[in-house]
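One letter stands for each residue in the lines below.
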Amino acid sequence: MSKPVYGLGGRYAKWLISAPPLLYLLLFFAIPALIMVFAAFRFPGDYGGLVPLVDVNPDTGARELLLTAENWRDFLTFENFGRFFEDSIYLELFLKSFWYAGLTTLICLVLAYPLSWLIARSGKKTRDLLVLLVILPFWSNFLIRVYAWMIILGPQSYFSRVLNGFLGIFGIEPVSLLFSQFAVIIGLVYVHLPFMVLPLYANLEKHDMSLLDAAQDLGANAWQRFWKVTWPLSLPGVWAGVALVFIPALGMFAIPDLLGGTNSMMIGNLIKQQFLDSRDWPFGSVLSIMLTLSVLLLAAVAAWAGSRHKKKD
Amino acid sequence: MKKLLLALMMTMGAAHAADTLHVYNWNNYIAPETVKRFEADCKCKVVQDYYGSMEEMLAKLSAGAKGYDVVVPTGFAIPPLVKQNLVQPLDKAKLPNAKNVNPAFLNSQFDKGNQYSLPYSFTTTLLGYNETELKKLGIDPTSWAVIFDPKVLAKIKGKVTVLDDSRELFAAALMYNGFSANSVNPDEWKKAAETIKAAKPFWAAFNTQSYIKELTVGNIWVAHGYSNDMFQAQQDAKAAKRAFALNYSLQKEGNTLSVDNMMVLKNAPRPDLALKFVNFMLDGKNSADLTNMIGSGNPNSAAAAFVKPEIKAIAAVFPNAEAQKKLQQLNALEGKQLRELNKLWTQVKTAR
């Protein structure tokens, strides 16, 4: 057997085809991310933006770099990072956002798993219909769907009135659903559920059913068949779903803004506040960097735990 | 032939751009009928884009947004636009209607001599409320105590929203404590932050986007917001024949006044149409339309004759001399002060 022969064109074709997406990521992800890191060490401009490093010399009309080896302290600073650690409110807000995103991910997983299983085990026609139904919400605008939840959860809605009527029978005070942490979690789960269902379904669909038959023949009960066969095989789908739900949920600001009460702020709202309300780009950049770092740290811990787990086996 | 095609394309392109004015304005701040009349008048098309806060508008324009001709900022947003060189001086020779503006609204601290801006209309920031429910509870809405005093709030827990706007909410809390809305004294700010923290557990939400709707359907009984929005909510509730009545009033401790102004952007594609629009909106009748349809306050002397009498009677829209004394326009905050307020605001919003 000889190795498959690729022509010269073949080797370049690989790069040629992937050049546009690579270039796109470089231009619109890597470079902006670097700009953000640089911005975190600079001072905010009076009206947003940053204190300029380059200015036009009024005498010569030429553009000049203001930054020199002597005066760099006027332009670069660690102060923005210091601010993050000088008050515990920022760390607390990070923890709260992680808690919201984690809870959302867990609820999504618990809801999506049986649903994905059902879809994967349905006949072809039913399966296509069910997948279509999962994707269907994407056809309407995200904000409109969140506004619909404002109406559903509002105190005047049938849902709230029936629920509170029911609670009233047991002498429980009526609860207010809208503008609460509960409403934020409902909104987060609702928006992210399809992102858990789709990768799980893609994974579960490929499972070899004869493995389950074999397990049954060897005397495994339903729970053992799930826990020893299906669950370990589905882990790649679970991890993909967890990443697709957890990371966007962590940075969400629109849902806490619309559905949240006075105590539902998340880290995304704080970052938005820096860039809009306070026009403080450097501190906003610091918060964004911290968010990225904490997600990376979490992923690293998960990967490390995963590799240890494998070694034990 | 090629030249002919090119010329044709150029004129087509020019004709396309020739007739479009891009207005960047507050949402709910111009009547559709007024836009239609201007379009007929200038034989052009008006394309509108909206913002919900000054910060949003400033952030977008500072970041270099292009294509807008006219922008309508509140007073304190004028200096940032001027200092960043984003706007151009107004050519008064092309604005004969500028003479209609009430002199009391000219020559403000934000633009001495009105080199860059002319007033469009104004709003007050106040409390809108469910009159029926507050009467039942015997709550007087003419004091900021309704949203800040825990004793009063205990009766309406979960039925109050306040603006998700650091400047406006701090101004209200400062005035409730007897300080100036424009105070930059750290101790007074701290006191205001304490007031907000103590009241926060009783509020339903910080809300800038949907309080009109929440008031109108009866979910919320007291909302901190802008007078023209309260006007809208009241009209909507009447139109929907609700079992309750909405109303709004100024607070005895004082309110903030937002005078919104028309400015022409430096990189405006069509400064000529922009000036036409500014002049059109300064016409007495057109300016009165704004008040009649959206309930905004009117800085135009020539408009008075066209404003509906029932609107003239609303104290929050046409404050009398005594009420006017208690109205304050917010100053522009810069650098350190803005950062300090931001820190307090984050503390207030994350406090349990």
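Residues numbered from 1 in each chain as written. Chains lettered and ligands numbered in written order. Predicted model: local features only at pLDDT ≥ 70, side-chain atom pairs only at ≥ 80, totals over all residues.

**Topic: the packing of helix α5 (residues 142–153) of chain A against helix α7 (residues 181–204) of chain A**
Packed helices, taken two at a time, are described by the angle between their axes plus the distance between the axes.
All names here are of chain A.
Okay, so step 1: The geometry of α5 relative to α7 is characterised by a closest axis approach of 11 Å and an angle of 140° between their N-to-C directions. Judged by the inter-axis angle, α5 sits oblique to α7. Read as a crossing pair, α5 and α7 show a hand that is right-handed. Facing α5, whose interface residues are F142, V146, W149 and L153, α7 presents A183, I186, G187, Y190 and V191.
Okay, so step 2: Considered class by class, the residues forming the contact of α5 with α7 number eight nonpolar, one polar and no charged. (Axes fitted to C-alpha atoms, helices over the stretch in contact; angles between N-to-C directions. Helix = DSSP H or I, 4+ residues; strand = E, 2+ residues; numbered from the N terminus. Parallel < 35°, antiparallel > 145°, perpendicular 65-115°, else oblique. Left-handed = near helix turned anticlockwise from the far one by under 90°. Contact = placed C-beta atoms within 7 Å. Nonpolar A, V, L, I, M, F, W, Y, C, P; charged D, E, K, R; others polar.)

**Let's talk about the interface of chain A and chain B**
Okay, so step 1: Each partner contributes residues to the interface: chain A has 26 residues there, and chain B has 30 residues.
Okay, so step 2: When residues of the side of chain A that touches chain B are traced back to their parent elements, those giving at least two are α3 (88–120) and α11 (267–275) of chain A.
Okay, so step 3: With three residues, the single largest contributor to the side of chain A that touches chain B is α3 of chain A.
Okay, so step 4: Looking at side-chain class alone, the side of chain A that touches chain B contains 11 nonpolar, 10 polar and five charged residues.

**Some points on the pairing of strand β8 (residues 222–226) of chain B**
All names here are of chain B.
Okay, so step 1: Across the five residues of β8, five count as buried, placing the element largely inside the fold.
Okay, so step 2: Across five bridges, the pairing between strand β5 (residues 118–130) and β8 is antiparallel. Among the inter-strand pairings, L126 is bridged to a residue of β8, identified as G225.
Okay, so step 3: Strand direction decides the pairing type here: strand β6 (residues 160–162) and β8, joined by two bridges, are parallel. Of the residues in β8, the one forming a bridge with T161 is A223. (Buried ≥ 20, exposed ≤ 12 C-beta atoms within 10 Å, placed from the backbone. Pairing = 2+ DSSP bridges.)

**Digging into unusual backbone geometry**
Residue and element names in this part refer to chain A.
Okay, so step 1: The backbone of F179 sits at a positive phi, close to 60°, despite the residue not being glycine.
Okay, so step 2: Here F179 shows up in the loop between α6 (158–169) and α7.
Okay, so step 3: With phi around 50°, R279 is a residue other than glycine that occupies positive phi space.
Okay, so step 4: Within the element layout of this structure, R279 appears in the loop between α11 and α12 (281–312).

**A word on the nonpolar core**
Nonpolar side chains in soluble globular proteins tend to end up buried together.
Okay, so step 1: Core analysis: the largest hydrophobic core is formed by 145 residues, its most contacted members being V70, V160 and V222 of chain B.
Okay, so step 2: A per-element tally of this core places α7 of chain A first, with 13 residues.
Okay, so step 3: Counting contributing residues per domain, this core is built from domain 1 (17–122 + 259–318) and domain 2 (124–256 + 331–350) of chain B, each supplying no fewer than three.
Okay, so step 4: Once you skip the residues sitting within four places of it in the chain, V222 of chain B turns out to touch L127, Y129, P141, V146, I147, I156, K159 and V160 of chain B. (Core = buried A, V, L, I, M, F, W, Y, C linked by C-beta atoms within 7 Å. Domains from an automatic or database assignment.)

**Things to note about helix α12 (residues 271–281) of chain B**
Okay, so step 1: For α12 of chain B, every residue scored as buried is listed here: L273, A274, L275, F277, V278 and M281 of chain B.
Okay, so step 2: Buried residues along α12 of chain B sit in contact with β1 (20–26), α2 (32–42), β3 (70–71), β5, β10 (255–265) and α13 (284–294) of chain B.

**Structural notes on the packing of α2 of chain B against α12 of chain B**
Residue and element names in this part refer to chain B.
Okay, so step 1: Where α2 contacts α12, the axes come no closer than 11 Å and their chain directions differ by 130°. Of the possible angle classes, the one that applies to α2 and α12 is oblique. Both α2 and α12 take part in a crossing whose hand is right-handed. Touching F38, D41 and C42 of α2 are L273, K276, F277 and F280, all from α12.
Okay, so step 2: Looking at the contact of α2 with α12, its residues break down into five nonpolar, no polar and two charged.

**A look at the domain arrangement of chain B**
A common way to express how large an interface is: the accessible area buried when the components associate.
Residue and element names in this part refer to chain B.
Okay, so step 1: With domains assigned, chain B is organised as domain 1 (17–122 + 259–318) and domain 2 (124–256 + 331–350).
Okay, so step 2: Computed from C-alpha atoms alone, the centre-to-centre distance between domain 1 and domain 2 is 27 Å.
Okay, so step 3: Counting residues at the interface gives 13 residues for domain 1 and 15 residues for domain 2.
Okay, so step 4: Here the side of domain 1 that touches domain 2 is built from residues that sort into seven nonpolar, six polar and no charged.

**A short note on the pairing of β1 of chain B**
Residue and element names in this part refer to chain B.
Okay, so step 1: Across the seven residues that make up β1, a large majority, six, are buried.
Okay, so step 2: Pairing geometry for β1 and strand β2 (residues 45–51), over seven bridges, is parallel. The residue of β2 that forms the bridge with Y24 is D49.
Okay, so step 3: Of the crossover connections in this fold, the one passing from β1 over α2 to the parallel β2 is right-handed.
Okay, so step 4: Summarising the sheet, β1 and β3 pair through two bridges and their orientation is parallel. By the bridge assignment, V23 is partnered in β3 with V70. (Right-handed = clockwise from strand over helix to strand, strands pointing away.)

**Quick word on the environment of N102 of chain B**
Residues and elements named next belong to chain B.
Okay, so step 1: Here N102 shows up in the loop between β4 (87–88) and β5.
Okay, so step 2: Residue N102 is classed as partly exposed on the basis of its C-beta count, with 14 C-beta atoms lying within 10 Å.
Okay, so step 3: Separated by 227 residues in the primary sequence, N102 and Q329 have C-alpha atoms spaced 17 Å apart.

**Details of the environment of T60 of chain A**
All names here are of chain A.
Okay, so step 1: One can find T60 in the loop between β1 (54–56) and β2 (63–65).
Okay, so step 2: For T60, a count of 8 C-beta atoms within 10 Å corresponds to the exposed category.
Okay, so step 3: Taking the C-alpha atoms as reference, T60 lies 56 Å from V191; in sequence the two are 131 residues apart.

**As for the confidence of the model for chain A**
Okay, so step 1: Averaged over every residue, the pLDDT of chain A is 89; the share at 70 or more is 95%.
Okay, so step 2: For chain A, the element scoring lowest by mean pLDDT is β1 of chain A, at 76; α7 of chain A scores highest, at 96. (pLDDT = per-residue confidence, 0-100.)

**Structural notes on α6 of chain A**
Residue and element names in this part refer to chain A.
Okay, so step 1: Over its 12 residues, α6 extends 17 Å from the first C-alpha to the last, a length consistent with the 16 Å expected when each residue adds 1.5 Å.
Okay, so step 2: Of all 12 residues in α6, zero are buried, a share of ten percent or less.
Okay, so step 3: Among the residues trailing α6, G171 stands out with phi positive, at a value near 70°. (Expected span 1.5 Å × (residues − 1).)

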